[in-house]
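# Working through the structure, step by step
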Amino acid sequence: MRLMVEFTTEPFELDGFPEHAKAARRVVDEAGLAVSVGPFGTSAEGDAEPALAAVTRLLRETLAAGASRISVQVSVLDERPGTPVAPGPEGSEGGDKQ
């Protein structure tokens, strides 16, 4: 399974990269994830185990580096890189209907 992790760290600083942002980027780079930086956040894509391990490390290291807020979204990808899995017949809530 492949995952896409999208994240932002705050507080934002317009005059440079804060230490918490540098820590977040270092973590996803060291995890070997494919990284894309956008105007509102960063996304990193890779296999599930390294991606999930990177999320845990990202939370710990960015908080230690001064982040006051971290937003994280994790999406399961289908076979095509960068494409989220479409919701199944159970709807967007997911889960089993037992």
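A short tour of the structure in this document, coming up. For clarity, every value in this text was computed on a predicted model and none was experimentally measured.

### A closer look at the overall build of the protein chain
- Tallying secondary structure elements over the protein chain gives two helices and four strands in all.
- Secondary structure elements of the protein chain, listed N to C terminal, follow the sequence β-α-β-β-α-β.
- In the protein chain, which comprises 98 residues, the proportion classed as buried is 28%.
- Restricting the contact set of the protein chain to residue pairs at least 6 apart, pairs at least 24 apart contribute 65%.
- With an accessible surface of roughly 6,600 Å², the protein chain has 53% of that area assigned to carbon and sulfur atoms.

### As for the pairing of strand E3 (residues 42-47)
- Among the six residues that make up E3, five are buried, leaving the element largely enclosed by the rest of the structure.
- In this structure, strand E1 (residues 2-10) lies alongside E3, joined through six bridges in antiparallel fashion. Each residue of the ladder has a partner; that of Met-4, found in E3, is Glu-45.
- Of the strand pairs in this sheet, strand E2 (residues 34-37) and E3 are connected by four bridges, and their pairing is antiparallel. Directly across from Val-37, in E3, lies its bridge partner Thr-42.
- From the end of E2 to the start of E3, which pair antiparallel, there are four residues.

### Thoughts on the pattern of salt bridges
- Tallied over the entire structure, the rule returns eight salt bridges.
- A salt bridge links Glu-45 to Arg-2, with the nearest nitrogen and oxygen atoms 3.5 Å apart. Of this pair, Glu-45 sits in strand E3 while Arg-2 sits in strand E1; the two residues are 43 residues apart in sequence, bridging distant segments of the chain.
- Using a relative accessible area of 12% as the deciding quantity, one classes Glu-45 as buried.
- Salt-bridge contacts for Glu-61 lead to Arg-57; the nearest nitrogen and oxygen are separated by 2.6 Å. Pair noted here: Glu-61 and Arg-57 are both in helix H2 (residues 48-64), with a separation of four residues, about one helical turn.
- Residue class for Glu-61 comes out partly exposed when judged on its relative accessible area of 24%.

### Some details on the environment of Met-1
- Mapped onto the elements, Met-1 comes out in the segment before E1.
- Between the C-alpha atom of Met-1 and that of Val-76, which follows or precedes it by 75 residues, the distance is 7.3 Å.
- Ignoring any residue separated from it by four or fewer positions in sequence, one finds Met-1 in contact with Gly-46, Asp-47, Ala-48 and Val-76.

### Some remarks on the nonpolar core
- Judged by nonpolar contacts, the single largest core of 13 residues is most densely connected at Val-5, Phe-7, Val-28, Leu-33, Ala-51 and Leu-58.
- Breaking this core down by element, the ones donating at least two residues are E1, helix H1 (19-30) and H2.
- Look past the residues within four positions of Leu-58 in its chain and what remains in contact with it is Phe-7, Ala-24, Val-27, Val-28 and Ile-70.

What counts and what doesn't
Residue positions are given per chain, counted from 1 along the sequence in the order it is written. Residue-level local features of this predicted model are given only where pLDDT is at least 70; pairs of side-chain atoms are given and counted only at 80 or more, and the full residue set underlies all totals for whole chains, interfaces and linings. For side-chain calculations, the full set of non-hydrogen atoms in the structure is used, while hydrogens and water are omitted. Numbered from the N terminus, helices here are DSSP runs of H or I no shorter than four residues, and strands are runs of E no shorter than two. The rule is simple: take the accessible area with a 1.4 Å probe, protein chains only, and divide by the maximum for that residue type; under 20% is buried, over 50% is exposed, in between is partly exposed. Residues are treated as being in contact if the distance between any of their heavy atoms lies within 4.5 Å. A 1.4 Å probe and the Shrake-Rupley method give the accessible areas. Residues count as covered only by the protein chains that appear here. If DSSP finds at least two bridges between two strands, the strands pair. By definition here, a salt bridge exists when the distance from a side-chain nitrogen of Lys or Arg to a carboxyl oxygen of Asp or Glu is within 4 Å. Side-chain atoms within 4.5 Å are what join buried Ala, Val, Leu, Ile, Met, Phe, Trp, Tyr and Cys residues into a set we call a nonpolar core.

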